Amino acid sequence: MKHEFLIDACSGKSIDVKENQTITVIDLYGGQVVDFFAEALRKPNEFLSAGVTIDCNESLRLGINSIIYTNLYRPMFQILADDVGEHDLLHPCCRPEMYDFFYHNGDGHPNCLDNINNCLKNQRPIIHPVNFFMYTKINTDGTISVESPLSKAGDSVTLRALMDVRLGVASCSVSESKCNSGKCSPVKIVIED
Ligand SMILES: [Zn+2]
């Protein structure tokens, strides 16, 4: 069985996925970041943790075969295929306060924190997702800079779910910087057995 979900620009969607199903995250138009978060199904106190993923993998990067872990240090996803190879584990979901900090326009701005909290019917105070396709350049002196994603139209990442999960996925709302190449566009998620 194959199920396709379109996530409009600047919006989010929740999708239930069973253990062993695959998830393909597709950047339909290129240059668009996907904030990818998940909870263990019916156990929302266990959730995807970018920090634990960095810890367990001893790496700031993800690659083919990398595992993405939960806050309880259990394997949640494995990356099976990746057209791009450049993703971000450092940044929390964008939120009104972030837009205020950098651009003074947070009031009413669509944002990934609200989009993911709303679709998961939860109100986490902060979410650290895996930011697929986000290109954060990490310099040797420790400074970082957010560059335009390297993803082109149709590029994708495929993962296997290693437990039953509820995804909360958002097509990132930042149009003010290079983060999403200066514009926001829709993405697609495909779930297959
Ligand atoms: Zn965002």
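Bear in mind that the values here come from a model prediction, so they are computed numbers and not experimental data. (Residues numbered from 1 in each chain as written. Predicted model: local features only at pLDDT ≥ 70, side-chain atom pairs only at ≥ 80, totals over all residues. Heavy atoms only, no water.)

Asker: For this particular structure, what's the right way to read the sheet that holds strand 3 (residues 22-27)?
Answerer: Hydrogen bonds along the backbone pair up the strands of a sheet, which may run parallel or antiparallel. Judged by pairing direction, the sheet is antiparallel, and its 6 strands sit side by side in the order 1-13-3-11-7-6 without closing on themselves. Of all the strands in the sheet, the pair left with one neighbour each is strand 1 (2-7) and strand 6 (67-69). For this sheet, the mean angle separating the axes of adjacent strands, direction not counted, is 25°. (Pairing = 2+ DSSP bridges. Helix = DSSP H or I, 4+ residues; strand = E, 2+ residues; numbered from the N terminus. Axes fitted to C-alpha atoms, helices over the stretch in contact; angles between N-to-C directions.)

Asker: How should the pattern of salt bridges be read in this particular structure?
Answerer: Two side chains carrying opposite charge are able to pair once their charged atoms lie near each other. Applying the stated rule across the entire model yields 9 salt bridges. For the salt bridge of Glu39 with Arg124, the shortest nitrogen-to-oxygen distance reads 2.9 Å. With Glu39 in strand 4 (residues 34-40) and Arg124 in the loop between helix 3 (112-120) and strand 8 (130-132), this residue pair connects regions lying 85 residues apart in the sequence. One exposure class covers both Glu39 and Arg124, and it is buried. Its salt-bridge partner being Glu86, residue Arg61 comes within 3.0 Å of it at the nearest N-O pair. Taken together, the positions of Arg61 in the loop between helix 1 (50-57) and strand 6 and Glu86 in the loop between strand 7 (75-82) and helix 2 (96-103) put the pair 25 residues apart, joining distant regions of the chain. A relative accessible area of 11% means that Glu86 is categorised as buried. Among the ionic contacts, a cluster of salt bridges with common partners joins Lys43, Glu46 and Arg74. (Salt bridge = Lys/Arg side-chain N within 4 Å of Asp/Glu carboxyl O. Buried < 20%, exposed > 50% of the residue type's maximum accessible area, 1.4 Å probe, protein only.)

Asker: Looking at this structure, how should I read unusual backbone geometry?
Answerer: With glycine set apart, most residues show a phi of negative sign, and most peptide bonds adopt trans. A positive phi is found at Glu58, a non-glycine position, where the angle reads about 50°. With respect to the helices, strands and loops of the structure, Glu58 is situated in the loop between helix 1 and strand 6. Residue classification places Glu58 among the exposed residues on the basis of a relative accessible area of 74%. Despite not being glycine, Phe133 shows a phi value in the positive range, around 75°. By the element assignment, Phe133 lies in the loop between strand 8 and strand 9 (135-138).

Asker: I'm lost on the coordination of the zinc ion in this one. Help?
Answerer: Coordination angles at a metal have ideal targets, namely 109.5 degrees for four tetrahedral donors and 90 or 180 degrees for six octahedral donors. Protein ligation of the zinc ion involves Cys94 (SG), Cys112 (SG) and Cys172 (SG), the donor distances falling in the range 2.2 to 2.3 Å. Mapped onto the sequence, the donors of the zinc ion take the spacing C-x17-C-x59-C. Of the two residues, Cys94 sits in the loop between strand 7 and helix 2 while Cys112 sits in helix 3, which places them 18 residues apart along the sequence. Given a relative accessible area of 5%, Cys94 falls into the buried group. (Donors = N, O, S within 2.8 Å, 3.2 Å for Na, K, Ca; no water.)

Asker: Got a minute to help me understand the state of the cysteines in this structure?
Answerer: Here, disulfide denotes a covalent bond that connects the sulfur atoms of two cysteines. Summed over the entire model, instances satisfying the criterion amount to 0 disulfides. With no disulfide partner, Cys10 has as its closest neighbouring cysteine sulfur the one in Cys184, 3.8 Å distant. (Disulfide = S-S within 2.5 Å.)

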